[in-house]
Amino acid sequence: MRRIPRSPIEQTQADEAERRRRLPAKWLAAMLITAAVALLAPGVTYMTADRSSITTATTTAATTVNTATAGCQGVTQALLTASGFITNPSRTQGGHLWWRRSADGSVCIGTVIMWVQYNATAAKTWRVIVYSARHPGGLTAASRSFTLKRGRYWWGFGVHQAYQGLSAVCVTATESFGMSCVHFSGPTG
């Protein structure tokens, strides 16, 4: 049996149709990983890298969680402005956080996402700092140290704590990299 050759136009159309039907394996793997991560428990954090890889990641401090606020989940998103090296790739934000005001007037801070740009390999400690009536000089609610190569990275901190008299939540990767804050006012009426 002899195969009849296709014209170049028919072959090109067939090739395009085949490409549209199948996803490359790497995209399929990325979709499966994303779906798996979406199913994980709240508070699980992970690192993504852009153009670089992580060389070292070590935990330096952990937040002590009061059992009364362990279920603290933010429901309203607030953007952290881009400041210095605290910025996403499009320089539109330095990250964001999720918060909720409780009936007692305290403010629950859920997850804080922060972006950091590295221009060269450096060791930096990324921190979430909470300013409140009890901690007017700031309290490091969460931190993590990284040694990363040139690129832009983000990390999610699961703070999940309520604070009375909260005035601001800030993120930094040492002050020389900049600091970005979300300011809070007292309870309304």
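Since the structure is predicted, the reported quantities are computational estimates derived from the model, not experimental observations.

(A) Summary view of the overall build of the protein chain. Tallying secondary structure elements over the protein chain gives 2 helices and 10 strands in all. Counting from the amino terminus, the protein chain carries its helices and strands in the arrangement α-α-β-β-β-β-β-β-β-β-β-β. Taken over 189 residues, the protein chain has a buried fraction of 35%. Nonlocal contacts in the protein chain, meaning residues at least 24 apart in sequence, comprise 67% of its contacts between residues at least 6 apart.

(B) Highlighting the nonpolar core. Core analysis: the biggest nonpolar cluster contains 30 residues, and Ile109, Val112, Trp126, Phe157 and Val159 have the highest contact counts within it. Sorting the residues of this core by element identifies β3 (76-80), β5 (107-118), β6 (122-131), β7 (139-148), β8 (151-163) and β9 (168-172) as the ones contributing at least two each. If one sorts the elements of this core by residue count, β5 sits on top with 6 residues. Other than its neighbours up to four places away in sequence, Ile109 contacts Cys72, Leu97, Trp98, Trp99, Val159, His160, Gln161, Tyr163, Leu166, Val169 and Phe184.

(C) Region of the structure containing the packing of aromatic side chains. Evaluation of the coordinates by the stated rule reveals 6 aromatic pairs. Ring geometry for Trp99 versus Phe184: centroids 5.2 Å apart, planes at 80°, classification edge-to-face. Within this pair, whereas Trp99 is found in strand β4 (residues 95-101), its partner Phe184 is found in the segment after β10 (179-183), the two being separated by 85 residues in sequence. Take Phe184: its relative accessible area is 12%, and that puts it in the buried class. Here Tyr118 and Tyr153 contribute two aromatic rings whose centre-to-centre distance is 5.7 Å and whose plane-to-plane angle is 90°, an arrangement assigned as edge-to-face. With Tyr118 in strand β5 and Tyr153 in strand β8, the pair connects residues that are 35 residues apart, well separated along the chain. When its relative accessible area of 1% is taken as the criterion, Tyr118 is described as buried. By relative accessible area, which is 0% here, Tyr153 ends up buried. Three or more aromatic residues joined by ring pairs make a cluster, and in this case those are Phe85, Tyr118, Tyr153 and Phe177.

(D) Geometry of the state of the cysteines. If you walk through the whole model with that rule in mind, you get 2 disulfides. Disulfide partner of Cys72: Cys108, at an S-S distance of 1.7 Å. Where Cys72 bonds to Cys108 through sulfur, the torsion about that S-S bond is close to 130°, and the disulfide is right-handed. With Cys72 in the loop between β2 (54-61) and β3 and Cys108 in strand β5, the pair connects residues that are 36 residues apart, well separated along the chain. Both residues of the pair, Cys72 and Cys108, belong to the buried class. The disulfide bridge from Cys170 ends at Cys181, spanning 2.0 Å between sulfur atoms. With the S-S bond torsion at 105°, the cross-link from Cys170 to Cys181 turns out right-handed. Of the two residues, Cys170 is situated in strand β9 and Cys181 in strand β10; the sequence distance between them amounts to 11 residues.

(E) Summary view of unusual backbone geometry. The backbone of Arg91 shows a phi angle near 60°, a positive value even though the residue is not glycine. Arg91 gets classed as partly exposed once you look at its relative accessible area, which sits at 45%. Phi is positive for His160, which is not a glycine, with a value near 50°. Looking at the secondary structure, you find His160 in strand β8.

Rules and cut-offs
Residues numbered from 1 in each chain as written. Predicted model: local features only at pLDDT ≥ 70, side-chain atom pairs only at ≥ 80, totals over all residues. Heavy atoms only, no water. Helix = DSSP H or I, 4+ residues; strand = E, 2+ residues; numbered from the N terminus. Buried < 20%, exposed > 50% of the residue type's maximum accessible area, 1.4 Å probe, protein only. Contact = heavy atoms within 4.5 Å. Core = buried A, V, L, I, M, F, W, Y, C linked by side-chain atoms within 4.5 Å. Phe/Tyr/Trp six-rings, centres within 6.5 Å; stacked < 30°, edge-to-face > 60°. Disulfide = S-S within 2.5 Å.

Any link to function would need more than the numbers given here.
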